[in-house]
Amino acid sequence: MKKRDFLKLSTAVLTGAALSPLTSCNTPKENSTQSSVIKNWAGNVTYRTTNLHEPRTVDEVREIVRKSQKIRTLGTRHCFNTIADSEHNLLSSRYLNEIGPIDPVNATITVGGGIRYGDLCKDLNEKGFALHNLASLPHISVAGACATATHGSGVTNGNLSTGVRSIEVLAGSGELMTFSKEKDPVEFAAAVVNLGALGVVTKVTLQLLPAFKVRQWVYLNLPMAQLARQFDEIMSSGYSVSLFTDWQTDNINQLWIKSIAKDGEPVQATPTLYGATLADRDVHPIIAISAENCTPQMGVAGPWYERLPHFKMDFTPSSGEELQAEYFVPRNRAVDALQAVAARHKDELKSLLFISEIRTIAADDLWLSTAFGRDSVAIHFTLKQDIPGVMSFLPKLEETLEPFDARPHWGKQFTMNPAKLRSRYQHFNKFKDLVARCDPEGKFRNEFMDHVFSGT
């Protein structure tokens, strides 16, 4: 598929246009429901089938996969592109959400791939354990987040997939396969960030830490010039640090610092930091929106799982309908990349953008991770659902970030040429070999995957 045709397909799917099936399939009837329309979380993607399967056991997963000629797995539907789309069958992991017992010797826990972080974390904390990091939203599933290298922040914190110790996959071949970091670290590194291409991730074993508490403070109007001079120092000022900007002034709008809280320590926050001013109330990343759905700030200590995300589990976050795009650049080139975006795209972003977030991610060795082999900085864009405007803007943004070897987030909007995208990952062809072994009939392939795997 040519890039121009792929963009047309993406736009058609995003606007909910109906496309005729390209191939026939054997549609399984058991454990399925029919709906008039199935959309992603943001409402910008209308999936092209209404045949949704919701298995509750691995045996049910196996039977559905066996009967399906083509199928894709849905997690919590937080992807903004068509990576999870199918014309034929969708398999929801929502009921694959069991929580196993904690292994105290290895400090691990095995959970169903469909469990949401927000539903898991309270249970972990009550038992005295924690995960190393969380994304902005606690509403996302474990398997889905890890499959797309979704992340939190922190210069020493890897993305969420780096907390995985093993995964169990019901492969397209019908085989139940386990990929373990301890038993086969090379194959494991290939399988964790898998884009849903291997099969259905039924179980995930996660590394645990002792439970801890976090305080977060927000500072306003951080001078961009100060950020350029002290970028590493600023991004290292807490356990997890985020910047929010609308690119319209010479200041970063907000600096969020999440620091580990120790019992008995005094609560101290300097009124100014790196030229920014301490907020006098809880704030939303978009300052005009109420902060009632945001996790508590102002230095109030709380459990890790109630501070590391930006938004509370019990509320719907964000500003409404939106699109998202995100690009990862090497941390040692981040300042230049940020300055390039500010210099070239200020006017375009004024009409398209809700807010941008800037975070750090530690390097890892997972083959398709956006932080593979390099400490990284993620430049995130929460955009209005102006589909023509966004699809026109992204190629220009990608051109600006090209000198910095940017890698797009697998689950968000991008238009990068697939050959160039594949070149960003040195083990991509070996990953394709693993996919061919796990899914020899291509049951889990769709147009998005075909484009990424073989498009030009």
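The model shown is predicted, which means the values in this text are computed figures rather than measured ones.

Parameters at a glance
Within each chain, residues carry numbers counting from 1 in the order of the written sequence. pLDDT decides what is reported in this predicted model: residues at 70 or higher carry local features, side-chain atom pairs at 80 or more are listed and counted, and totals for whole chains, interfaces and linings draw on all residues regardless. The side-chain values count all of the structure's non-hydrogen atoms but skip hydrogen atoms and water molecules. Elements are defined by DSSP. Helices are runs of H or I of four residues or more, strands are runs of E of two residues or more, and each kind is numbered from the N terminus. Given the number of residues in a helix, its expected span is that number minus one, multiplied by 1.5 Å. Bend is the name given here to the angle between axes fitted to two runs of seven residues, the run ending at a residue and the run starting at it. Burial classes: relative accessible area under 20% of the type maximum marks a residue as buried, over 50% as exposed, and values in between as partly exposed (1.4 Å probe, protein chains only). Note on contacts: a residue pair qualifies if any of its non-hydrogen atoms lie within 4.5 Å across the two residues. Here, nonpolar core means buried Ala, Val, Leu, Ile, Met, Phe, Trp, Tyr and Cys residues that are tied together by side-chain atoms lying within 4.5 Å of each other. What the arc covers is the set of directions going from the helix axis to the C-beta atoms. Polar contacts here mean pairs of N or O atoms no more than 3.5 Å apart (in protein, one a potential hydrogen donor and the other a potential acceptor; neighbouring residues in sequence count only if both atoms are side-chain atoms). Note: two strands are recorded as paired if DSSP finds a minimum of 2 bridges between them.

A. Structural detail: helix 8 (residues 334-352). Taking 1.5 Å per residue as the helical rise, helix 8 with its 19 residues ought to reach 27 Å, whereas the 22 Å between its terminal C-alpha atoms falls clearly short. Of all the bends found along helix 8, the most pronounced is centred on His345 and spans about 75°. Residues of helix 8 that are buried include every one of Ala334, Val335, Ala337, Leu338, Ala340, Val341, His345, Leu349 and Leu352, and no others. Here the buried face of helix 8 lies against helix 6 (224-229), helix 7 (231-235), strand 18 (323-330), strand 19 (353-361), strand 20 (376-383) and helix 9 (387-401).

B. Focus on the nonpolar core. If you look at the biggest cluster of nonpolar residues, it comprises 116 residues, and the most contacted ones within it are Tyr117, Leu131, Trp304 and Phe381. The element that contributes the greatest number of residues to this core is helix 8, accounting for eight residues. Discounting residues that sit within four places of it in the chain, Tyr117 has contacts with Leu131, Leu134, Pro138, Ile140, Ser141, Val142, Ala145, Cys146 and Leu160. Core analysis: the next-biggest nonpolar cluster, separate from the first, contains nine residues, Val61, Ile64, Leu96 and Leu170 among them.

C. Up close: the environment of Asp232. Here Asp232 shows up in helix 7. Taking the relative accessible area as the measure of exposure, Asp232 reaches 42% and is therefore partly exposed. In this structure the C-alpha to C-alpha distance between Asp232 and Ala334, which are 102 residues apart in sequence, comes to 9.8 Å.

D. Structural view of helix 11 (residues 428-438). Listed in full, the buried residues belonging to helix 11 are Phe428, Phe431, Leu434, Val435 and Cys438. Axial view of helix 11: buried residues confined to an arc of 110°, hence all on one face. Exposed side of helix 11, more than 90 degrees from the buried face: Asn429 and Asp433 are the residues found there. Summarising the contacts, the buried residues of helix 11 are in contact with strand 8 (164-171), strand 9 (176-180), helix 5 (185-191), helix 10 (418-423) and helix 12 (447-454).

E. Structural view of the side chain of Glu322. With respect to the helices and strands, the residue Glu322 is situated in the loop between strand 17 (302-303) and strand 18. At 2.5 Å, the side chain of Glu322 and the side chain of Gln324 are in polar contact. Residues contacting Glu322, with those up to four places away along its chain left out, are Trp41, Ala42, Asn44, Phe80, Phe354, Thr382, Leu383 and Gln385.

F. Main features of the pairing of strand 5 (residues 99-103). In the sheet, strand 5 pairs with strand 6 (residues 108-112) via three bridges, with the strands oriented antiparallel. If you follow Ile99 over to strand 6, its bridge partner there is Val111. Counting the residues that bridge the hairpin from strand 5 to strand 6 gives four residues, and of these Ala107 lies at a positive phi of roughly 55°.

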